[in-house]
Amino acid sequence: MDFSDSNLFVEDAAFGDVNFHYPELAFCQTRPTLVCTPEADAFNPCEDIAGFSFLRVAIWFINILAITGNLTVLLVSFISRNKLTVPRFLMCHLAFADLCIGIYLLMIATVDLHTRGHYSQHAIEWQTGPGCSAAGFLSVFGGELSVYTLSTITLERWHTITNALQVERRLVLKQAASIMAAGWLISLGMGMLPLVGVSSYAKVSMCLPMDIETPLAQAFIIIILLLNVGAFIVVCVCYVLIYLAVKNPEFPRRSADTKIAKRMAVLIFTDFLCMAPISFFAISAAFKVPLITVTNSKILLVLFFPINSCANPFLYAIFTKAFRKDAYQLMSAMGCCKSKASVYHMKAYCCENAIKHNLGSNNNGAGTGVRLEAMTGQSHHLKEEGKLT
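Since the model is a prediction, treat every value here as computed from it, not as a measurement.

About the thresholds
- Residues numbered from 1 in each chain as written.
- Predicted model: local features only at pLDDT ≥ 70, side-chain atom pairs only at ≥ 80, totals over all residues.
- Heavy atoms only, no water.
- Core = buried A, V, L, I, M, F, W, Y, C linked by side-chain atoms within 4.5 Å.
- Buried < 20%, exposed > 50% of the residue type's maximum accessible area, 1.4 Å probe, protein only.
- Helix = DSSP H or I, 4+ residues; strand = E, 2+ residues; numbered from the N terminus.
- Contact = heavy atoms within 4.5 Å.
- Polar contact = N/O pair within 3.5 Å; in protein donor to acceptor, adjacent residues only side chain to side chain.
- UniProt positions renumbered as here; feature names shortened; annotations may be inferred.

Some remarks on the nonpolar core
For step 1, the next point in the chain: Counting 77 residues, the largest nonpolar core has Tyr 104, Ile 108, Trp 126, Met 206 and Tyr 316 as its most contacted members.
For step 2, the next point in the chain: Per-element accounting of this core gives the leading share, 16 residues, to helix H4 (residues 86-114).
For step 3, the next point in the chain: Excluding anything up to four places from it in sequence, Ile 108 contacts Ile 49, Ile 59, Trp 126, Ser 205, Met 206 and Cys 207.

Here you go:
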């Protein structure tokens, strides 16, 4: 009896269910798995940069809104024929800082779109490359400059209102330039430190300085967070003092003060939404007690971190009458909206004449004249400050 066929059967059976004639059928019997190299860890989970589908949509909406709003403010401010005042000067710095945050988000969104579904193949190239370093620098520099400028704007507003009748104590443009030069140096220094070895932008896919392996890196993160929290406290205290000054019955009443009081809640609320969640979880992570994962932290970084960058150009500029006046004047020079521009010009002319008339009719004594002149100058200053209220 010939057993050759049986021997062949036994040899084939030893290989299990693998089908040598149709190997693709054997591959389909097991689900393909995504293998990440190097292996995923707490800082680099095996996922796309955005992490969630809704974040991919939100990040584009937010960065376009931030870039468009702040570019509009800068464009109108630079082309405007009106005199450059301290509030306008500070507003330009704030718009530029928030524009940096918008560009940072645009870079992250672009890389996420390009590497969608296979980010693990580009992770090392992106996180260790110049693109991630540039994005991280923009995020830290823009964030710190924005916080510094917001604090300066609030302090300048409080100083102006509480020293309403002391014209000589007003902040002048030269002083404001010196203050902002210091802010630029601080912000540039904060942004440069991770590039020279203090912390690192390459730790996570969002290119933020989350490296806390060394005591120096840990101290760097804690200092940034404490500065941001301190700035928020300064803003809140100043607005409370402004509100108390406006409500003082002995303080001269003005429509600009009423606008300030009405918008305080909105300004503080947006600052709180931007600062509080991120600062709370970041401080806990800096002390090596993380309360959320990197995946979940992306929700905070996309939805809360850029809140001020999106809201500031509208709250401090675009929604104000002074900005609309500048915008209409600009469009009038281009041949559009001439009737609107003439209306704003007429209102300004009538207001100036009314002030001069009041000065002439009430200037009965030297002391009274000086007081009225100071009040008029302050009213004019706050009218210009309307761009920030």
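Overview of the side chain of Thr 160
For step 1, the next point in the chain: With respect to the helices, strands and loops of the structure, Thr 160 is situated in helix H6 (residues 130-162).
For step 2, the next point in the chain: Only 2.9 Å separates the side chain of Thr 160 from the backbone oxygen of Glu 156, close enough to count as a polar contact.

Details of unusual backbone geometry
For step 1, the next point in the chain: Despite not being glycine, Ser 199 has its phi angle at roughly 65°, a positive value.
For step 2, the next point in the chain: For Ser 199, a relative accessible area of 4% corresponds to the buried category.
For step 3, the next point in the chain: One non-glycine residue, Cys 207, lies in the positive phi region at around 60°.
For step 4, the next point in the chain: With respect to the helices and strands, Cys 207 occurs in the loop between helix H7 (173-192) and helix H8 (215-247).

Here's the deal with the UniProt feature "transmembrane region" (unreviewed entry) in the protein chain
For step 1, the next point in the chain: Mapped onto the present numbering, the UniProt feature "transmembrane region" (unreviewed entry) falls on residues 57-78, 90-114, 134-155, 176-196, 216-244, 265-287 and 299-319.
For step 2, the next point in the chain: Between the first and last C-alpha atoms of residues 57-78 the distance is 32 Å; the span itself is 100% helix and 0% strand.

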